[in-house]
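# Results of the structural survey
Below, each chain spelled out in residue letters.
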Amino acid sequence: MEYAIELKEISKSFGPVAANKNINLSLAKGEILALLGENGSGKTTLMNMLSGIYMPDSGSIFIDGKKVEINSPEDSGKLGIGMVHQHFKLVERFTALENIRIGMRGEGRFFHGAEVRKKIEETAAKFGFDIDLDKKVSNMAVSEKQTLEILKVLCYGARIIILDEPTAVLTVQEIEKLFNVLRKMKEEGHSIIIITHKLNEVMAISDRVAVLRHGDYIGTVVTKETDEKTLTELMVGRKITLNIDRPIIEKTHPLLEIRDLTIKNDEGATAIDHINFYIRGGEILGVAGIAGSGQKELCEAIAGLRKIEEGQMIHEGESIVGMSPKKILEHGVSMSFIPEDRLGMGLAPSLSITDNMILKNYNESKGLFVDRKSAREEAQKVIDKLEIITPSTETPVRRLSGGNVQKVLLGREIKSGPNVLITAYPVRGLDINSSYTIYNILNEEKKKGVGILFVGEDLDVMLSLCDKIMVICHGRLQGVVNSDHTTKEEIGLMMTGTLNIVNKDGKTDGIAKDSAFTDEEGKA
Amino acid sequence: MLDVLTLFLFNIIVYNIPLLYGTTGEIMIEKSGSLNLGVEGTMAIGAVAGYLVGARCDNLFIACVVSFIASGLVGLLFSFLTVTLQANQNVTGLTITTFGVAFYYFVGNALSNSPEGWPKLSGTRLDAQSQAIHIPGLSDIPFIGKAFFSHGILVYAGILIAILMWLYFKKTVPGLKLRAIGENPAAADSLGVNVALYKYAHIIVGSGIMGLGGLYMGLNMGGTFEGSNCWINGYGWISIALVIFANWSPAKAILGTFLFGFFNTLRVQNAALAYAFPNALGWLTKIPSHFFSALPFIITLIVLITSSLTAKGKSGEPQAIGRNYYREDR
Amino acid sequence: MRRYHLVRRADAKLNRTLIYYAIGLLVSLTIGAILLWALGINPFQYYGKMLTIGLVGNKYGYKSIEGLLKVFVPLLITSLALSLSFKMRFWNIGGEGEFLIGAICASIVAFNSSGMPNFVTVVLMCLAAMISSGIIGVAIAALKVKFNTNETLMTLMLNYIMLYVIRYIGDTKADWNFFLREDSERPIFGSFPESAMMGGIPLGKFKLLWAVIIAVLLTAIVYIYLKYTKHGYEISVVGDSAATAKYAGMGVGKIVLRTMFISSALIGLAAALAVSSAGTISDTITNDVGWTGIIVAWLSKLSVPAVFVTAILISILQYGCQAAATQYPAIDVNFADLLQGIILFSVLVADFAANFRLIKKEDAKNA
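Here we summarise the structure given alongside this text. (Residues numbered from 1 in each chain as written. Chains lettered and ligands numbered in written order. Predicted model: local features only at pLDDT ≥ 70, side-chain atom pairs only at ≥ 80, totals over all residues.)

## Let's talk about the overall build of chain B
- Looking only at helices and strands, chain B features 14 helices and zero strands.
- The linear arrangement of helices and strands in chain B, starting from the amino end, is α-α-α-α-α-α-α-α-α-α-α-α-α-α.
- Expressed as a percentage of its 330 residues, the buried residues of chain B come to 52%.
- Contacts spanning at least 24 positions in sequence make up 77% of the contacts within chain B whose residues lie at least 6 apart. (Helix = DSSP H or I, 4+ residues; strand = E, 2+ residues; numbered from the N terminus. Buried ≥ 20, exposed ≤ 12 C-beta atoms within 10 Å, placed from the backbone. Contact = placed C-beta atoms within 7 Å.)

Structure follows, in structure tokens:
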């Protein structure tokens with residue numbers, strides 16, 4: 001069998017974190033390979049090495065049987081690899097034709113030739129693309145932009161196409177159109193890697209499926225010889241019992257209730273689609289879902305940083321829709337979100353720990369001056385309690401190592417004494433000890449009667465720590481389960497959209513029996 | 001009477017070709033995503049370098065070449081500082097302006113106080129008379145010929161450069177790539193465009209073009225060195241304003257500069273016109289000249305504000321202008 | 001160059017930065033020396049004269065100090081004002097225009113103030129200048145906040161419009177024009193009445209103008225404002241990361257407007273002090289302080305103590321060249337600008353060297 005791509009023993013680490021460990025992967029010529037893995041499994045890093053953005057620490061890459069080194073996006077392009085990213089790289093003001101033209105090599109070096117247009121039109125026709133070459137990108141819908149990106153790489157002569165979550169922004173019909181295109185490309189001899197989480201799509205379009213988990217390569221199966229359940233098991237693995245405390249305490253009435261919430265993301269697609277859930281005091285509700293299922297938008301909406309399209313949010317009986325972030329904070333809802341780059345939201349990188357600590361309550365001191373003295377004391381308290389490693393309280397936050405940055409963030413949120421704490425990826429990239437420190441802090445808050453929404457990546461952790469877990473897939477609620485009464489596989493199936501138990505057994509998940517909504521207000 | 005009108009039209013061209021050079025040069029630089037506030041200084045250096053070498057060699061062509069190279073070097077400095085060293089564009093540009101104008105004074109003073117003195121132009125091949133080219137047929141048309149077709153080569157070159165630049169941006173591939181850099185350097189970079197190289201090249205060429213405008217001013221409007229007033233006299237700043245007014249299009253720049261040229265010449269010749277046509281244009285002398293001088297800036301300010309109030313899409317402003325691009329920041 | 005790779009340094013040691021800056025400064029002075037030598041002037045003599053601002057062997061030495069301070073005060077205040085604005089990444093290059101507006105409004109008060117007590121007049125002048133400049137600053141900031149209009153280009157236009165306004169006032173003899181001398185046929189700016197003149201504390205022959213004391217106090221106030229007050233904290237957060245500020249519930253737009261008002265008002269204040277100290281207004285009253293202030297603010301990396309020191313040094317440079325120009329006619333006062341430019345270029349290179357490192361590509365792979 002001839003292979004278009006062979007990856008042998010590829011490893012890549014970023015500091016202490018091993019993103020890819022000895023990966024062995026192959027893509028046969030003329031096949032469609034699905035790449036499956038949870039967030040943090042290492043698939044994006046792996047693909048970035050193929051597209052020349054990163055270079056492997058060790059291991060070799062073979063294209064068409066020849067060993068190669070890919071040092072830049074240009075090298076990758078020359079080898080015939082074309083990547084269609086999730087975030088488009090288009091010049092908004094230019095037309096489709098102009099965007100493609102920028103990266104084309106050869107023909108019509110100086111003046112725009114008619115041959116270029118013809119070649120693009122031919123390519124488009126060959127694959128059945130319906131695209132208006134003179135349309136400005138700023139006027140295009142999301143699916144049109146994606147079509148343009150695919151056409152672009154084809155025009156650059158790519159024989160190997162990598163698509164990163166292409167169906168995330170498409171409707172059902174558009175997905176079918178895309179799949180027809182992929183099949184045509186396969187017919188023409190192209191080899192395709194498609195990164196996706198939707199198992200039904202994997203079953204529909206791929207020839208083989210490769211699975212990554214926590215940086216390791218698990219294996220490749222032939223699609224015809226497997227099913228969704230098996231794939232889910234491969235993806236999430238067996239449950240590991242962790243030693244995380246889960247104190248059982250008496251829960252209160254729902255502190256935060258969400259009904260019918262619908263939110264759009266920055267690109268205009270629906271991020272959260274009519275979901276219902278609630279959080280009781282003294283309870284940790286986990287949120288499980290593939291990255292990009294709408295978690296970020298959900299957190300932002302509750303914190304008042306993002307407008308919602310529809311729906312209701314009630315905290316302590318009062319609606320918080322439309323409230324400013326400041327007011328929501330005063331109301332008692334606190335949010336800490338650790339983005340991938342860790343310094344994006346919530347912290348001012350050049351300012352000291354002290355200055356970041358008072359970000360939300362600096363105004364409370366009387367008079368004109370900021371009370372840095374007590375701020376420093378608070379900062380020191382947090383540093384001691386959370387064992388943050390730092391030269392001093394005045395160290396600029398951006399000099400701290402990743403884990404410590406997260407501790408500062410969480411420490412600050414807890415400090416303001418909220419009764420609803422939303423924390424997203426609080427242990428992202430942390431070592432075991434630091435992670436456990438965080439779990440203990442959360443449990444202590446829980447014992448105080450705080451309701452906690454825990455958006456996480458590690459299912460084992462969530463099954464140990466959280467009382468209940470709600471699962472979202474592409475913005476939709478797939479079910480809310482009790483940690484003691486569920487399995488990792490069940491959650492995995494819900495995460496990939498295969499299983500939906502919201503309305504199982506006559507009850508509706510996400511709606512509390514003692515809800516503050518009356519029947520008219522809170523339509524299920 | 002007709003003479004006054006002819007002279008008026010003639011002067012519109014003379015006064016405004018430098019603006020055309022400055023504006024088109026700056027358009028080329030801004031399209032690459034850099035806001036270059038150093039136009040005034042660049043033009044001053046191009047002017048003084050070209051003038052001095054040209055006067056010594058008594059050769060207009062050499063004057064142009066030296067001028068282009070000198071201001072091109074200033075452009076190289078700007079590129080090095082902002083593209084490679086990632087320095088703040090505003091500060092760098094302003095320093096180049098202060099530096100350039102100071103350099104002009106430095107050289108001027110040094111020469112004026114030296115035994116040989118400041119080289120004069122009259123009688124050389126560089127003075128206004130000698131520059132004028134006689135185009136058989138066109139120059140002889142009575143009224144229009146004298147007004148529009150008796151200029152020096154730099155005038156026609158300036159218009160030609162503007163037209164060529166317009167073609168370059170509209171019809172060529174490198175022009176497209178440059179525009180992409182000005183709009184979204186990350187996208188251009190990911191498509192294999194060498195962002196740094198393109199920026200360097202276009203900043204240098206754009207600066208060279210500006211320099212020629214400065215040279216023209218020195219040859220036609222200066223001639224002597226005055227310790228108190230730089231030749232360029234604010235034309236660099238007006239050029240920056242005109243880029244906006246012309247919506248970053250070299251073709252519109254031709255129109256724009258002549259519109260402002262019209263007002264500029266009006267300012268200078270209003271007395272003569274009012275005298276020649278007392279009934280029709282007598283009121284011209286009542287308008288303060290300062291108003292005409294301020295007009296380019298007032299109009300541009302209005303254009304700036306209104307274009308940001310209305311639909312974004314119509315503005316030609318390159319989206320990424322003013323920001324430095326560094327790949328690792330992705 | 002393909003084998004080498006530019007990488008941002010992880011740590012920014014202050015000592016290293018200062019050393020590189022010092023080297024840059026030395027290099028600049030050397031280049032300046034070469035230029036002087038090319039004109040047959042002994043650089044050491046010239047620099048000596050310049051750096052001692054003509055004090056040596058001068059009976060009227062106190063006049064030199066007064067002259068220096070008249071350059072220093074507006075520069076210091078304007079640089080402080082511009083650092084406030086730059087801290088929020090608001091590229092206000094309209095220092096010249098705002099200065100002129102303040103100067104004109106202060107002069108309006110001044111020319112109509114005969115008979116009023118001196119203290120009241122000067123205070124009113126300052127208020128008039130601060131409010132008028134402040135309003136313009138806020139208007140521009142509002143356009144930026146609401147419509148994202150390019151503030152650099154707007155303020156640039158403002159500079160030139162205001163320049164022609166003051167030239168118009170200075171060139172137009174008319175009944176309404178109380179700015180001009182009455183006894184002259186040609187339009188010349190008149191002098192302020194006694195009531196509008198800046199007073200001071202006499203120290204022997206030398207008069208320490210109140211303006212100087214105000215400027216120094218202002219430096220301390222701005223320092224405290226930025227470092228210890230809530231407003232200062234807000235400015236630092238907004239300047240560091242507007243997204244974080246928004247997340248913290250800060251009204252970013254409000255903060256920008258407020259800070260821009262203060263920044264422009266300070267420039268107006270500088271203008272009022274300048275005209276009062278000079279006793280008149282002219283179209284060169286700015287002394288290019290709007291441009292120089294930007295350089296000073298940038299060289300000082302927006303830090304108040306550094307601004308103070310840099311403003312002193314640049315003032316010495318400028319005034320020194322003025323003083324030296326009397327003895328060396330071949331070098332005009334613009335030599336200061338030339339040196340300033342070279343110094344800034346060297347500092348930009350030094351700054352870069354302090355923040356970036358060149359490493360071999362193989363090492364990058366293993367980093």
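Don't stop here, the text continues.
## Thoughts on the overall build of chain C
- Along chain C, the regular secondary structure elements total 14 helices and four strands.
- Against the 2.2 N^0.38 benchmark of 21 Å for 367 residues, chain C shows a C-alpha radius of gyration of 23 Å, consistent with a compact globule.
- With the C-alpha coordinates aligned to their principal axes, the bounding extent of chain C is approximately 80 × 60 × 35 Å.
- The buried share among the 367 residues of chain C stands at 50%.
- For chain C, the proportion of contacts with a sequence separation of at least 24, taken over those separated by at least 6, is 75%. (Rg over C-alpha atoms; globule rule 2.2 N^0.38 Å.)

## A word on the sheet that holds strand β20 (residues 476-482) of chain A
Residue and element names in this part refer to chain A.
- Taking strand neighbours across the sheet as the criterion, the six strands line up as β16-β17-β18-β13-β19-β20 in an open arrangement whose pairing is mixed. Two strands lie at the open edges of the sheet, namely β16 (333-337) and β20, each paired on one side alone. Geometrically, the sheet is characterised by an average inter-axis angle of 15° between neighbouring strands, direction not taken into account.
- The pairing of β16 with strand β17 (residues 420-424) spans five bridges and is classified as parallel. Looking across to β17, one finds that V333 is bridged to V420.
- Lying over the sheet, helix α9 (residues 295-302) contacts β13 (284-288), β16, β17 and β18 (451-455), oriented at roughly 150° with respect to β16. (Pairing = 2+ DSSP bridges. Axes fitted to C-alpha atoms, helices over the stretch in contact; angles between N-to-C directions.)

## Section: the sheet that holds strand β12 (residues 270-280) of chain A
Residues and elements named next belong to chain A.
- The strand order β12-β11-β14-β15 describes an open sheet built from four strands, whose pairing is antiparallel. Two strands bound the open sheet, and with one partner strand each, they are β12 and β15 (318-319).
- Inspection of the sheet shows strand β11 (residues 254-264) paired to β12 by seven bridges, in the antiparallel sense. The residue of β12 that forms the bridge with E257 is Y278.
- Its contacts with the sheet put α9 on β11, β12 and β14 (310-315), and the angle it makes with β11 is roughly 120°.

## A closer look at the environment of T270 of chain A
Residue and element names in this part refer to chain A.
- In this fold, T270 is placed in strand β12.
- Accessibility expressed as a C-beta count within 10 Å gives 17 for T270, which makes it partly exposed.
- Measuring from C-alpha to C-alpha, the distance between T270 and R476 comes to 9.9 Å, with 206 residues separating the pair along the chain.
- In contact with T270, other than residues within four places in its own chain, are T262, K264 and G475.

## Regarding the interface of chain C and chain A
- Facing the 14 residues of chain C at the interface are 21 residues of chain A.
- The set of elements that each furnish at least two residues to the side of chain C that touches chain A consists of α8 (230-240) and α9 (242-247) of chain C.
- Looking at which element gives the most residues to the side of chain C that touches chain A, the answer is α8 of chain C, with five residues.
- Partitioned by chemical class, the residues of the side of chain C that touches chain A number six nonpolar, five polar and three charged. (Nonpolar A, V, L, I, M, F, W, Y, C, P; charged D, E, K, R; others polar.)

## Some thoughts on the pairing of strand β8 (residues 191-195) of chain A
Residues and elements named next belong to chain A.
- In terms of residue burial, β8 counts as a mostly covered element, since four of its five residues are buried.
- Where strand β3 (residues 32-36) lies against β8, four bridges are found, and the strand directions are parallel. Within β8, the position partnered with L35 by the bridge is I195.
- Two elements, strand β7 (residues 160-164) and β8, share five bridges in a ladder whose sense is parallel. For I162, the partnering residue across the bridge sits in β8 and is I193.
- Handedness of the β7-helix α6 (residues 172-187)-β8 crossover: right-handed. (Right-handed = clockwise from strand over helix to strand, strands pointing away.)

## Section: the environment of N90 of chain B
Residue and element names in this part refer to chain B.
- With respect to the secondary-structure elements, N90 resides in helix α4 (residues 89-112).
- A residue is classified by how many C-beta atoms lie within 10 Å of it, and N90, with 22 of them, is buried.
- As a C-alpha pair, N90 and G38 span 52 residues in sequence and 8.6 Å in three-dimensional space.

## Observations regarding the interface of chain C and chain B
- Listed as interface residues are 38 residues of chain C and, on the opposing side, 37 residues of chain B.
- Of all the secondary-structure elements, those providing two or more residues to the side of chain C that touches chain B are α5 (118-147), α6 (151-171), α11 (289-299) and α13 (335-355) of chain C.
- Broken down by class, the residue content of the side of chain C that touches chain B amounts to 27 nonpolar, eight polar and three charged.

## Some points on the packing of helix α11 (residues 235-245) of chain B against α6 of chain C
- Taken N-terminus to C-terminus, the directions of α11 of chain B and α6 of chain C make an angle of 135°; their axes are 11 Å apart at the nearest point. Classified by the angle their axes make, α11 of chain B and α6 of chain C are oblique. Crossing handedness for the pair α11 of chain B and α6 of chain C: left-handed. Residues W237, I240, A241 and I244 of chain B of α11 of chain B form the contact with α6 of chain C, whose own contacting residues are L153, L156, M157 and Y160 of chain C.
- Residue composition of the contact of α11 of chain B with α6 of chain C, by class: eight nonpolar, no polar and no charged. (Parallel < 35°, antiparallel > 145°, perpendicular 65-115°, else oblique. Left-handed = near helix turned anticlockwise from the far one by under 90°.)

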